[in-house]
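A look at the structure
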Amino acid sequence: MSLGPLSASQVVVLLAFILEVGSGMLFLFVSLRRIASSNSSVNLVLARTKSQETAKLQVNLMACVNIISGFLCYLKFCISVTTGGGSAWVDYLQWLVCTPPIIVVLCLTCSIDLETTFVLATLDAAMIMCAYFGHIYAAPELKWSWFCFGCLLFVIMFALLFAQKRLMYIKYTSQKTIQGSPALGNQSRINTYLEAVQFEFKLSNRLIWLTILSWTMYPLVWILEQSEVLTGANADIIHAVLAAIAKIMFGVVLMWYRVKTGIATDDSIPGMLLSLWKNRTTSSVHSNLNLLASESMDGRPPKITVDDTTLIKPFSLDAKE
C-alpha cells in the first residue's frame, strides 16, 4: 500500500486508531500492574460492593473495546487509502461490535442480573442495525422509519437501565438485605457497606450519563449526513472523533475508579467469564457479603443491630453527578 498525501479525514481516522489502541493497551497495563497488585486487607474488602472478578472484567472489557475499535478505524483508513471509496459499513460494524460490551459494563456496575443484561445488550445491537438499515435504504419513508425505530429502542434501553439501577439500589440498601447478612454484624460495618454501595452507584450514574451524552451525538450526525448537510469526509472526521472520545473517556473514568478502590484479581478474562457464569444467580453485592462473612474474626455470624437513624441517606439516582 503506497501512501500519497493524506486527506484530513484520513489523518483523523489514523489518529483515532492510534489513540484507541494506545488507550486500550494502557487500560490492560493498569489493570494487570496497578489494580492487581493492590492491598487486599480487611478494610479494603469491607469497602467493596463489586466482586473482584467483576471489577477486573469491567476494565478488561473496555480495554478490548478500545483495541478492537482502533483496529476497525485502521481498516477504514486502509479502505479509504486503497480504494478511495466509502466505508460507512465499517462504522456500523464498529458500533455493533463495541457498544454492547459497554452496556454490559454498565450493567455490571449496577449489579443488574444476567438476563436483563442480555436484553439490554440485544436492544443496543438492534438499535445499531436499525441505523444501518436506515442508511442503506434509499426510500425516504423506509430510511426515516428505521431511524425513528432505532431512536425508540435507544430511549427504551436507557429507561430500562435506569429502572433496573433504581431497583438494585433500593434492594441493596434495604433493611431486609442488611439484616439478612451475617457479614454486617455492627453499625460500623453497616455504614461502610452502605458507603460502598453508594460509591458504586454514583460511578454507574456518571458512566450512564456520559454514555447518553456521547451517544446522543450520533443520531444528530446521522440526520445531518442523510440530509446531505455533512459530506462523507466531514462525517468520517466526526465519527472518528466521537468514537475515540466516547470510549476513551468512558474507559478513563472507569479505570480511575477501579484504581482508586483497588479492586481486581490476576485472573484471565476466560477465568473471570467462567466465574461470572457459575455465579450468575448471585449478585456481586451478595458475593461481597459472603466474602465479608468469611472474614469474621471469630468465624461465627455476629448479632445484627440496625439503627434506622444512622443509615446513609440514598442519593438521587436520576440526577447528574
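These lines cover the structure that appears in this document, whether it is placed above or below. Keep in mind that what you see is a predicted model, and the values were worked out from it rather than measured.

Calculation notes
- Residues numbered from 1 in each chain as written.
- Predicted model: local features only at pLDDT ≥ 70, side-chain atom pairs only at ≥ 80, totals over all residues.
- Heavy atoms only, no water.
- Helix = DSSP H or I, 4+ residues; strand = E, 2+ residues; numbered from the N terminus.
- Buried < 20%, exposed > 50% of the residue type's maximum accessible area, 1.4 Å probe, protein only.
- Contact = heavy atoms within 4.5 Å.
- Areas by Shrake-Rupley, 256 points an atom, 1.4 Å probe, with all protein chains shown as cover.
- Expected span 1.5 Å × (residues − 1).
- Disulfide = S-S within 2.5 Å.
- 1 Å grid on protein atoms, 1.4 Å probe; cavity = no way out; pocket = protein on both sides within 12 Å on 5 of 7 lines; lining within 4 Å.
- Points joined across faces, edges and corners; volume = space filled by probe spheres on them.
- Nonpolar A, V, L, I, M, F, W, Y, C, P; charged D, E, K, R; others polar.

So, about the overall build of the protein. Per the secondary structure count, the protein includes 11 helices and 0 strands. Counting from the amino terminus, the protein carries its helices and strands in the arrangement α-α-α-α-α-α-α-α-α-α-α. Put simply, the protein has 321 residues, and 46% of those count as buried. Contacts spanning at least 24 positions in sequence make up 87% of the contacts within the protein whose residues lie at least 6 apart. Surface accessibility of the protein: about 15,300 Å² in total, with carbon and sulfur atoms responsible for 66%.

For the rest of this paragraph, the subject is helix H8 (residues 187-226). Residues three or four positions apart in an α-helix share a direction because the helix packs 3.6 residues into each turn. When the terminal C-alpha atoms of H8 are compared, their 59 Å separation across 40 residues agrees well with the 58 Å that a helix rising 1.5 Å per residue should span. Following H8 by one or two positions, Glu228 adopts a phi angle in the positive range, close to 65°.

This part covers the state of the cysteines. One pass over the structure, following the stated rule, counts 0 disulfides. Distance from the sulfur of Cys130, which forms no disulfide, to the nearest cysteine sulfur (Cys151) is 9.4 Å. Here Cys148 is not cross-linked by a disulfide; its sulfur's nearest cysteine counterpart is in Cys151, at 6.2 Å. A residue is classified by how much of its surface remains accessible, and Cys148, at 48% relative accessible area, is partly exposed.

Turning our eyes to something else, we now look at the environment of Gly70. Here Gly70 lies in helix H3 (residues 52-82). Placed 53 residues apart in sequence, Gly70 and Phe17 show a C-alpha to C-alpha distance of 4.1 Å. What Gly70 contacts, discounting residues up to four positions off in sequence, is Phe17, Glu20 and Val21.

Counting across every chain of the model gives 3 cavities of 30 Å³ or more. In this structure, the largest cavity occupies an estimated 50 Å³ of space. Taken together, Val13, Leu72, Cys73, Lys76, Val90, Asp91, Gln94, Asp236, His239, Ala240 and Ala243 make up the lining of the largest cavity. Put simply, the parts of the chain that give the lining of the largest cavity at least two residues each are H3, helix H4 (88-109) and helix H9 (232-261). The greatest single-element share of the lining of the largest cavity, amounting to 4 residues, is contributed by H9. Residues belonging to the lining of the largest cavity are distributed by class as follows: 6 nonpolar, 2 polar and 3 charged. Ranked by the residues each element gives to the lining of the second largest cavity, the list is headed by H4, at 3 residues. For the lining of the second largest cavity, the class distribution of residues is 5 nonpolar, 1 polar and 1 charged.

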